[in-house]
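Breakdown of the fold
Residue-level listing of the chains:
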Amino acid sequence: MNDKKFDINGMTCTACALTIEKQLGKMEGVQSVAVNYATEQMQVTYDDKQLDIKAIQDAVVKVGYEAIDASKEEHQEDKDASSKAEKHLKYMERRLIISLIFTVPVFYLAMGPMVGLAVPSFLAGDMNILTMAFTQMLLTIPVMLVGEEFYRVGFKTLIKRAPNMDSLIAVGTSAGFIYGIFAIYRIIYGYGHGDMDLVHHYAHELYFESVAVIIALITLGKYLESRAKSKTSAAIKELMALTPDEAIVLVDGIEKTVPTTQVKVDDLLVIRPGSKIPVDGIVTEGHSTVDESMLTGESLPIEKGKEDKVIAGTMNQTGSFIFKATAVGDDTALAKIIHMVEDAQGTKAPIAKLADQISGYFVPVVILISLASFGIWLLLGYEFEFAFRIGISVLVISCPCALGLATPTAIMVGTGRGAKYGTLIKSGEALELMHKVQTVVFDKTGTLTNGKIEVADLNALDDETTLLTLAASVEKHSEHPLSQAILKYAESKGVSLNKVTDFDAVMGHGVTGTVDDIQVVIGNEKLMKDKDIDFAGHRDLINQYAKSGKTPILIAYHGKLQGVFGLADTIKPDAIRAVKQLQAMNIEVVMLTGDHQVTAEAIGQQLGVDKIYAQVLPGEKSDIVNSLKSGDKRVMMVGDGINDAVALVSADVGLAIGSGTDVAIESADVVLMKNEIMDVVTAIQLSKATIRNIKQNLFWAFIYNIIGIPIAAGVLYRGFDILLDPMIAAAAMSFSSVSVVMNALRLRGFKPKLVEDSFVNQNDVQMMHQNENQKEDNTQSEVTAVTQNKEDTKMNEKILTVEGMTCMHCVGRVDKALNGIEGVEDVQVDLEAKRAVVKTSQDISNAIFEEAVETAGYEVTEVKG
């Protein structure tokens, strides 16, 4: 059996994908076929002894589409796919603009006089009725021409007996346009025979405005869909950008810069501080720390020395080293992740739209009813015109405007409301799926936690100011992230730094130095043992830190232990509340992390999650997500890093934290721009509200058809003399559309409904960073710093008026710029008010705020506070 991937051209909805699957599924030799409408790709497993690629392509062409062998342009696939999507988006934008240009005047001419609006004199009055009719027709024709795809695809699928939404549009608007022409002929006849009653009658039976409005509204929906689909290949491009274009290779002891693509296995490469690692390999000389969080999720940088492995795409930090290439090109760990993302995107089935499913039965039934009505009334001896009017009435009242609007209008309003809450939902499919989510899987680092190493606890055995002064003075000379965390903590306490001599960084263990003739040792237990520092009496404290997920860092001077720092990646303030809210909604909460088991369990217990998976690699995250999906369970993945990209696209719904990497954001279906975990709850509740709204819309879209079609067909004419002529049919169709739109607009009042927070024990929050053995006064200060989340009364507050923000992306950029300023503890950006409220732990000049915001592309016009 062979597996083959094809790019499919010509699909316009999920019914197209189903048509192709049905056609290929009937072929002998085809074991399985999956067509992904979202990515416009098809995966086929077939017996190459019975079939070849051309036979498969011919079968696709037979049903009206095009299949292109994806492997022929394998290296350009993503670039071409992106270019293709962008071109199609521009094409849909042009179609929408042209449609609106001609639809607005024809709608005005048709509906304006009914509400007392004036029309040009050459179109007003009895003598200009024919001119008015021709003008409306001429304005409608360009709208139909730019919407020719609806007719080409709609009639083609109808002929192939696989009708879709385009078929409904084609049949309904064609019927309306044809009847409009028929009405023009009757107007001409009335003028010619002096029958002004006939002229006036048919002057009100022109349905050109209905045709134009239907096409324009459906084109708007197609444009929004194209805009969402244009981002499908962005994640792959972001992943590819991780690998540097060039590498430094040692050739006979001489450094030579070459393209990364030319690096071969066993080549020796040189890596300097701050540079990305181009290929996988093993360190042969030197040492450094490497940030692997984008691949492993491990929050702490990893020490690298001789014989240690390094991975392509990771970032070197402090030192230089030489390593031997062991995997290049498609064999690197990063390349395998890229392929996993491609496979996950290719096999992720799109949601079958309810309207498309219904249309498969609705269109042929309506056509049969229309033809049957026409034929029956002719057989009963009625005139052709009478029978024709009844046949057209059936088609006009069943025109799919409301059906076509039912889903997209609710999705448009729902996604817009989500944006108000800083929740960017990329597609209607994601919005539909979220309401079925039964399990939410969270990445830990940067998602549930802040992703930054901080001093969570300090047990000082000596005077705290003295201890911090000595520690910070020594740590200032180290670039290690743990050292920087201690230094930042000390600076926040206002300590001054002294001169250091004899500084030494002990690889993997800590640092030493002399401050005012005092020898200071800061590091792990191994360093203390090497320096003959006795810490046995504090073993319980050290173990307690480790069990609670903190990294214990010991400080000694005067030859004995003087204190222990507890460093940790702290939990986000709203994480516990979000977990409990999800559990109150009967949703299982799972945490995945690349951290060690002890750390993971400590964080998981503090959060109260249902399941914990520790030491998980990127591929394993995807496997766990897939295993959780077994048994038709809907799973949402929430993450922020490159290591989450595969799991994000593997899940039914992928949700990225806005402060995370571009890859995670592009891979996800939903993005939280405000970086607040509680917005996960908001997104799910918004989805539930939107789905309820869609079902209500579909009800209103069909109730008129269910009542109106029998009346239009004349079932009440013989007994009650009740007949629904095309004008009333069109009015009913229009009213159904108005009902759908008005109902969808109710979503603008959506607010998340949260359960009472009384069950969230505030002691749980305090215990996140509290150590049982810590002195009470230290405990209180540390707990307050965490639980109050920067609401300390000593904090300074400034209110910035920011000009230039237009969307939540702008809010995210301003938020990121201000949070990057040293001393800033909290930022709240309000798009509507055009302001940012900034809380700081120290005095910061207004100029620094202005410069940061200006660098982000915006302007601060006023600073208060």
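Residues numbered from 1 in each chain as written. Predicted model: local features only at pLDDT ≥ 70, side-chain atom pairs only at ≥ 80, totals over all residues. Heavy atoms only, no water.

**So, the overall build of the protein chain**
The line we're drawing: The numbering of helices and of strands both runs from the N terminus, where a helix is a DSSP run of H or I of at least 4 residues and a strand a run of E of at least 2. For every residue, the accessible area (1.4 Å probe, protein chains only) is compared with the maximum for its type, and the residue is labelled buried under 20%, exposed over 50%, or partly exposed between those bounds. Residue contacts are counted whenever heavy atoms from the two residues lie within 4.5 Å of one another. Only the protein chains shown count as cover for residues, and all accessible areas are computed by the Shrake-Rupley method using a 1.4 Å probe.
Helix and strand counts for the protein chain stand at 32 helices and 30 strands. Counting only residues that meet the buried cut, the protein chain has 53% of its 865 residues in that class. Of the contacts formed within the protein chain by residues at least 6 apart in sequence, a portion of 69% connects residues at least 24 apart. For the protein chain, the accessible surface area stands at approximately 39100 Å², while carbon and sulfur atoms represent 54% of it.

**Looking at the UniProt feature "transmembrane region" (unreviewed entry) in the protein chain**
Note the following rule: UniProt positions are given in the numbering used here, feature names are shortened, and annotations may be inferred rather than shown by experiment.
Summarizing the sequence annotation, UniProt attributes the feature "transmembrane region" (unreviewed entry) to residues 96-123, 129-147, 168-187, 207-224, 358-380, 386-407, 698-720 and 726-745 in the numbering used throughout. Strand forms 0% of residues 96-123 and helix 57%; the C-alpha atoms that close the span are 27 Å apart. Across residues 129-147 one finds 95% helix and 0% strand; the C-alpha atoms that close the span lie 27 Å apart.

**Quick notes on the nonpolar core**
For clarity, the threshold we go by: Here, nonpolar core means buried Ala, Val, Leu, Ile, Met, Phe, Trp, Tyr and Cys residues that are tied together by side-chain atoms lying within 4.5 Å of each other.
Judged by nonpolar contacts, the single largest core of 48 residues is most densely connected at V440, F442, L582, L607, M636 and V680. Leaving out residues up to four positions away in the same chain, M636 has contacts with M434, V437, T439, V440, V441, A651, V653, L655, V680 and I684.

**Some details on the sheet that holds strand β15 (residues 437-443)**
Applicable threshold: When DSSP finds two or more bridges between a pair of strands, those strands are recorded as paired. To define axes, lines are fitted to C-alpha atoms, for helices over the stretch in contact only, and angles between the resulting N-to-C directions are given on a 0 to 180 degree scale.
The 7 strands are arranged β14-β26-β25-β24-β15-β22-β23 in an open sheet whose pairing can be described as mixed. In this open sheet, the two edge strands, each paired with only one partner strand, are β14 (423-425) and β23 (611-613). Taking each pair of neighbouring strands and ignoring which way they run, the sheet shows an average axis angle of 20°. Sheet topology note: the β15/strand β24 (residues 634-639) ladder contains 5 bridges and is parallel. Looking at β24, one finds that F442 is bridged to V638.

**A look at unusual backbone geometry**
Of note in this structure, D266 is not a glycine but carries a positive phi near 80°. Phi at D532 takes a positive value of approximately 60°, unusual for a residue other than glycine.

**Side note on the packing of aromatic side chains**
Test applied: Classification of ring pairs rests on two measures: the distance between centres of Phe, Tyr or Trp rings, Trp counted by its six-membered ring, which must be within 6.5 Å, and the angle between planes, read as stacked under 30 degrees, edge-to-face over 60 and tilted in between. Working rule: Lys NZ or Arg CZ, within 6 Å of ring centre, within 35 degrees of ring normal, means a charge sits over the ring.
Scanning the model with the defined rule gives 11 aromatic pairs in all. Judged by centre distance (6.2 Å) and plane angle (50°), the rings of F321 and F323 are tilted. Accessibility classification places F321 together with F323 in one group, the buried group. Three or more aromatic residues link up through ring pairs in this structure, and these residues are W377, Y382, F386 and Y717. For R95, the ring lying beneath its charged end belongs to F150, and the centroid distance is 5.1 Å.

**Quick notes on a negative patch on the surface**
Where we set the bar: Here, patches come from residues exposed beyond 30% relative accessible area and free of salt bridges, joined within 9 Å for like charges and within 5 Å for nonpolar side chains (Val, Leu, Ile, Met, Phe, Trp, Tyr). Basic side-chain nitrogens of Lys or Arg form a salt bridge, by our definition, when they fall within 4 Å of a carboxyl oxygen of Asp or Glu. Charge counting treats Lys and Arg as positive and Asp and Glu as negative, with His and both chain ends excluded. The location of each charge is read from NZ of Lys, CZ of Arg, CG of Asp or CD of Glu.
Residues E850, E851, E854 and E859 make up a contiguous surface patch of negative charge. Looking at the negative patch, the element that brings in the most residues is helix α32 (residues 846-855), giving 3 residues. Topologically, E850 is positioned in helix α32.

**With respect to the side chain of T570**
Note the threshold: Pairing of N or O atoms within 3.5 Å defines a polar contact, subject to two protein rules: one partner must be a possible hydrogen donor and the other a possible acceptor, and residues neighboring in sequence count only if both atoms are side-chain atoms.
Residue placement: T570 occurs in strand β21 (residues 560-571). Assessed through its relative accessible area of 6%, T570 is described here as buried. In this structure the side chain of T570 is engaged in a polar contact, spanning 2.8 Å, whose partner is the side chain of N450. At 3.4 Å, the side chain of T570 forms a polar contact with the side chain of E454.

**Re the pairing of strand β27 (residues 796-803)**
Two faces belong to every sheet, and in a regular strand the side chains alternate between them. By the bridge criterion, 6 bridges tie β27 to strand β29 (residues 835-840) in an arrangement that is antiparallel. By the bridge assignment for β29, T801 is matched with R835. Of the pairings in the sheet, the one linking β27 to strand β30 (residues 859-864) comprises 5 bridges and is antiparallel in character. Paired with L800 across the two strands is V863, which belongs to β30.

**A look at the environment of S473**
Of note, S473 is situated in helix α17 (residues 464-475). Sequence-distant contacts of S473, defined by excluding residues within four places in its chain, comprise S496, L497, N498, V500 and V515.

**Some points on the sheet that holds strand β16 (residues 449-460)**
One key point about sheets: their strands pair by backbone hydrogen bonds, in either a parallel or an antiparallel sense. Judged by pairing direction, the sheet is antiparallel, and its 6 strands sit side by side in the order β16-β21-β20-β19-β18-β17 without closing on themselves. The open sheet terminates on both sides in strands that have one partner only, identified here as β16 and β17 (500-506). With direction set aside, neighbouring strand axes in the sheet form an average angle of 15°. Pairing analysis gives 6 bridges linking strand β18 (residues 510-515) to strand β19 (residues 518-523), with the strands arranged antiparallel. Looking at the pairing, G513 lines up with V520 of β19. Packed on one face of the sheet, α17 meets β16, β17, β18, β19, β20 (551-557) and β21 and runs near 110° to β18.

**A word on α17**
Note the following rule: Take the residue count of a helix, subtract one, and multiply by 1.5 Å to get its expected span.
In this model α17 runs 16 Å from its N-terminal to its C-terminal C-alpha over 12 residues, within 8% of the 16 Å that 1.5 Å per residue would give. Taken across its 12 residues, α17 has 9 buried, putting it largely inside the fold.

**A look at the confidence of the model for the protein chain**
Applied cut-off: Per-residue confidence from the prediction method is given by pLDDT, with values spanning 0 to 100.
A residue-level look at the protein chain finds 81% of positions with pLDDT of 70 or above and a mean pLDDT of 79. In this model residues 344-352 is a low-confidence stretch, pLDDT under 50, and it forms 30 contacts with partners more than four residues away in sequence or in other chains.

**Remarks on a nonpolar patch on the surface**
Taken together, the side chains of F107, Y108, M111, M114, V115 and L117 present a nonpolar region at the surface, about 580 Å² in accessible area. Structurally, the position occupied by Y108 is in helix α3 (residues 77-111). Y108 sits in the partly exposed class, given a relative accessible area of 35%.

**Overview of the pattern of salt bridges**
For the structure shown, the criterion picks out 13 salt bridges. Put simply, D443 and K621 hold a salt bridge, and the shortest N to O gap is 3.0 Å. With D443 in strand β15 and K621 in helix α23 (residues 618-628), the pair connects residues that are 178 residues apart, well separated along the chain. You'll find D443 and K621 in the same group, each marked buried. A salt bridge links D652 to R634; the shortest N-O distance between them is 3.3 Å. With D652 in the loop between α24 (645-650) and β25 (653-657) and R634 in strand β24, the pair connects residues that are 18 residues apart, well separated along the chain.

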